[in-house]
Amino acid sequence: MEWLERVTRLRRWTRGGERDPHKALLLLYAIGQLQRTGFKPIRFREAEPALELLFAEFGPPKLAGPAYPFHHLAADGLWEVAAAGGRPSPGADRELLVAGDVHGRLMPEFAKEMLTDPALMAQIVRVLLDTNFEPGLHPDLCSAAGLMPELAQTAAIAPYLKDHLPRAERDPTIRQKILVAYDCRCAFCGYEGWIGNSVIGLEVARLRWWAFDGQDDLTNCLCLCTLHHRLFDKGVLGVVPSGKILVSRHFVGTTEASRRMVTELNGKAVSPPQTGFARPDVRNVDWHTRQVFRGPARI
């Protein structure tokens, strides 16, 4: 489990709950390249556009460039980086990385073991996903990083996470609790749907992500329909402590359906849970606004 332990201990900047998934995103991109093209060096100048897109879509609202993780990931024992001719990397400055034709690659033994053991590769990917992102983002992230989509669904890592990450246990009854609290309705649009006795199209949306100390309880969760849950995790939608919905000014939707289902939500009240159930904690609302919502909001 040496490689799993190194990935689990991957240093993240988390002061105040701040998200810094950039090393994880670089590793996911590199593993995607390993799957598709085999073990080859990754030139910074060629990878930079794809990494910028990954960082913009799945990183925090405060954008960061790929130069810093491309250089500094080597300190974690999973990656090595060098300039043309085998010279040392000139540092984390983008211009120097481009001018020096710097390239990086997974540590050779790390890459070799993942190529010969697909289960290990799946476990590595699952650790990176579970310790940095909400589950609803996993399939899209794997696709964007060029990874096989089944890596987002594998449960092979579960025992390892349970033994090594103290917060790996989630409440298996949280969906039922949220459905009861919100009367089986989306807190944003009021949608409800049933097939037989089963509720369909409604999900648990966390304000503060599980990977960043978010709890599975009513103070941290909303009942949202599948569409609004996805938009909430992507930062298109947010909320404010007063109970109003925010819609990012960056969202573009040209159809009447887009306006009705997304744009026109801006400023509308979030439906609260029923009487007697806890409401979302303002500290969790603030975390989502700072770390996920892609402001500014529409006026």
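Located above this text is the structure these notes cover.
Here we summarise the structure given alongside this text. Computed from a prediction, not measured in an experiment: that's the story for all the values here. (Residues numbered from 1 in each chain as written. Predicted model: local features only at pLDDT ≥ 70, side-chain atom pairs only at ≥ 80, totals over all residues. Heavy atoms only, no water.)

### Points about the pairing of strand 7 (residues 221-225)
In step 1: Most of strand 7 is tucked away, with five of its five residues classed as buried.
In step 2: Side-chain alternation along strand 7 places Cys221, Cys223 and Cys225 on one buried face and Leu222 and Leu224 on a second face that is also buried.
In step 3: Where strand 6 (residues 202-206) lies against strand 7, five bridges are found, and the strand directions are antiparallel. Counterpart to Glu203 in the pairing with strand 7 is Leu224. (Buried < 20%, exposed > 50% of the residue type's maximum accessible area, 1.4 Å probe, protein only. Helix = DSSP H or I, 4+ residues; strand = E, 2+ residues; numbered from the N terminus. Pairing = 2+ DSSP bridges.)

### Concerning the packing of helix 2 (residues 22-37) against helix 6 (residues 108-116)
In step 1: For the pair helix 2 and helix 6, the least separation of the axes is 11 Å and the interaxial angle reads 60 degrees. The orientation of helix 2 relative to helix 6 falls into the category oblique. Both helix 2 and helix 6 take part in a crossing whose hand is right-handed. Facing helix 2, whose interface residues are Leu27, Ile31 and Leu34, helix 6 presents Phe110, Ala111, Met114 and Leu115.
In step 2: Class assignment for the residues of the contact of helix 2 with helix 6 results in seven nonpolar, no polar and no charged. (Axes fitted to C-alpha atoms, helices over the stretch in contact; angles between N-to-C directions. Parallel < 35°, antiparallel > 145°, perpendicular 65-115°, else oblique. Left-handed = near helix turned anticlockwise from the far one by under 90°. Contact = heavy atoms within 4.5 Å. Nonpolar A, V, L, I, M, F, W, Y, C, P; charged D, E, K, R; others polar.)

### Considerations on the packing of aromatic side chains
In step 1: The final tally for this structure, using the stated rule, is six aromatic pairs.
In step 2: Judged by centre distance (5.3 Å) and plane angle (85 degrees), the rings of Phe70 and Trp79 are edge-to-face. An identical accessibility class is assigned to Phe70 and Trp79; each is buried.
In step 3: One aromatic cluster is present, formed by Phe44, Phe70 and Trp79 through successive ring pairs. (Phe/Tyr/Trp six-rings, centres within 6.5 Å; stacked < 30°, edge-to-face > 60°.)

### A word on helix 2
In step 1: Given a rise of 1.5 Å per residue, 16 residues ought to cover 22 Å, and the 22 Å separating the end C-alpha atoms of helix 2 matches this to within 8%.
In step 2: Within helix 2, 13 of the 16 residues are buried, which leaves the element mostly enclosed by the surrounding structure.
In step 3: Of the residues one or two after helix 2, Gly38 is the one with positive phi, at around 85 degrees. (Expected span 1.5 Å × (residues − 1).)

### Comments concerning the sheet that holds strand 3 (residues 103-106)
In step 1: Read from one edge of the open sheet, three strands run 1-3-2, paired in antiparallel fashion. The sheet is open, and its two edges are formed by strand 1 (42-43) and strand 2 (79-82), each paired on a single side.
In step 2: Sheet analysis places strand 1 next to strand 3, joined by two bridges and oriented antiparallel. Pairing of Arg43 across the sheet is with His103, part of strand 3.
In step 3: The strands touched by helix 6 are strand 2 and strand 3; relative to strand 3, the strand with the most contacts, the crossing angle is about 50 degrees.

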